[in-house]
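Spelled out from the first residue to the last, the chains are:
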Amino acid sequence: MTIDEKFMKKAIHQARRAAALGEIPIGCVIVCDGKVIARGFNQRLHKHSTLAHAELEAIDRASRKLGDWRLEGCTMYVTLEPCQMCSGALVQSRIDRVVIGTMNPKAGCAGSLLNILQMPQFNHQVEITYGVCEKECSAVLTDFFADLRVRVKEEKAARKAAETASLVRMRSEAGTEPPASADPSEKKPQKSEENP
C-alpha cells in the first residue's frame, strides 16, 4: 500500500461517516509532515449549510490546528473531485497538493468541468494526483445512491399504503354513521301489499 493509498483510506472512512448520517458520502483528510491534522465529511443536511462540504470542514480544522490560514506544506486527500467552491477555497488556502479518489463529471472543478486548481491566472496552483483508490471511492458513492433509491421507493410505497389505509378507514367510518340530516326517531312508513 502506498502512502497516498493509506491516507485515501482515511478519507474513505470519513465518507462512510457521512453516509451513516444520510449525507452524500464525501470525505477528506489533510496531511502535514506525514500526519493527519484535519478530517472532514459532508454535513450539509445536518448543518443546514451550503458551506458544510467535507473539504471546507477540513480546511477550517487544519487552519485552526496550524494557527494559520495558509496550508503550505499540506496535502488534501479527498474521495470525490472538489466542486467550484471547494476548489476555490483550496487555491485560497495555498495548499500544496490535492489527491483525488474519483472524478465528478457533473460538478468537478479540478479537471472535469474546469480546473480551478491549476488556472495560470491565479497566483497559486495546486499539484493534483488523480485516481487513488478510485474503485473504492466510486463504490462508496454508487452504493449510497443505490440504497437511497431503494429507501425512497420504500418510503413512497409506505406513504401510499398509509394514504390508502386512511381513505379506507374514513370510508368505513362514514358508512357506519347515519347521515347528518336523518332523524333516527322518524320512521318511514312501510309499504304494505294492501296500500301500494
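Up top is the structure.
Summary of the structure given here. Being a predicted model, the structure only gives us computed values, none of them experimental.

## Focus on the nonpolar core
Counting residues in each nonpolar core, the largest one holds 31 residues, and the members touching the most others are I30, I59, M76, I95, V98 and L117. Going through the elements one at a time, β1 (27–32), β2 (35–41), α3 (54–66), β3 (74–80), α4 (84–93) and β4 (97–102) are the ones with two or more residues in this core. Ranked by residue count, the leading element in this core is α3, at five residues. Ignoring sequence-local partners within four residues, the contact set of I59 consists of I30, L71, M76, A89, L90 and S93. Among the nonpolar cores identified, the runner-up in size contains 13 residues, and F7, A11, A15 and C137 belong to it.

## Regarding the packing of α3 against α4
Geometrically, a packed helix pair is captured by the angle between its two axes and the distance between the axes. Running from amino to carboxyl end, α3 crosses α4 at an angle of 20°, the nearest separation of the two axes being 9 Å. In this view, α3 runs roughly parallel relative to α4, as classed from their interaxial angle. In terms of crossing hand, the pair formed by α3 and α4 is left-handed. Contacts between α3 and α4 involve E55, L56 and I59 on the former and, on the latter, M85, C86, A89, L90 and S93. Its residues placed into classes, the contact of α3 with α4 shows six nonpolar, one polar and one charged.

## A few points about the pattern of salt bridges
The final tally for this structure, using the stated rule, is eight salt bridges. D4 is paired through a salt bridge with R97; the nearest N and O atoms lie 2.6 Å apart. In this pair, D4 is assigned in helix α1 (residues 3–20) and R97 in strand β4, connecting sequence segments 93 residues apart. Where R64 meets D60, a salt bridge forms, and the shortest distance between an N and an O atom there is 2.9 Å. Residue R64 and its partner D60 are both found in helix α3; the two are separated by four residues, about one turn of the helix.

## A look at α3
Across its 13 residues, α3 extends 18 Å between first and last C-alpha, which sits within 8% of the 18 Å expected from 1.5 Å per residue. For α3, the set of buried residues is A54, E55, L56, E57, A58, I59, A62 and S63. Packing partners of the buried residues in α3 comprise β1, β2, α2 (44–47), β3 and α4. G67 sits one or two positions beyond α3 and adopts a positive phi of about 70°.

## Focus on unusual backbone geometry
Phi is positive for D33, which is not a glycine, with a value near 55°. Checked against the element boundaries, D33 lands in the loop between β1 and β2. For C133, which is not a glycine, the phi torsion comes out positive at approximately 55°. Relative to the helices and strands, C133 is located in the loop between β5 (127–130) and α5 (134–176). For C133, a relative accessible area of 15% puts it in the buried group.

## Describing the sheet that holds β5
Strand order in the open sheet formed by five strands is β2-β1-β3-β4-β5, with mixed pairing between adjacent strands. The strands lining the two open edges of the sheet, one partner per strand, are β2 and β5. Averaged over all pairs of adjacent strands, the angle between their axes in this sheet comes to 20°, without regard to strand direction.

## Observations regarding the pairing of β4
Burial analysis of β4 places six of its six residues in the buried class, which makes it a mostly covered element. As judged from the five bridges shared by β3 and β4, these two strands associate in the parallel manner. Paired with M76 across the bridge in β4 is V98. Each parallel crossover has a hand, and the one from β3 via α4 to β4 is right-handed. Pairing between β4 and β5: four bridges, direction parallel. Note on β5: the bridge partner recorded for I100 is Y130.

Conventions and cut-offs
- Residues numbered from 1 in each chain as written.
- Predicted model: local features only at pLDDT ≥ 70, side-chain atom pairs only at ≥ 80, totals over all residues.
- Heavy atoms only, no water.
- Core = buried A, V, L, I, M, F, W, Y, C linked by side-chain atoms within 4.5 Å.
- Buried < 20%, exposed > 50% of the residue type's maximum accessible area, 1.4 Å probe, protein only.
- Helix = DSSP H or I, 4+ residues; strand = E, 2+ residues; numbered from the N terminus.
- Contact = heavy atoms within 4.5 Å.
- Axes fitted to C-alpha atoms, helices over the stretch in contact; angles between N-to-C directions.
- Parallel < 35°, antiparallel > 145°, perpendicular 65-115°, else oblique.
- Left-handed = near helix turned anticlockwise from the far one by under 90°.
- Nonpolar A, V, L, I, M, F, W, Y, C, P; charged D, E, K, R; others polar.
- Salt bridge = Lys/Arg side-chain N within 4 Å of Asp/Glu carboxyl O.
- Expected span 1.5 Å × (residues − 1).
- Pairing = 2+ DSSP bridges.
- Right-handed = clockwise from strand over helix to strand, strands pointing away.

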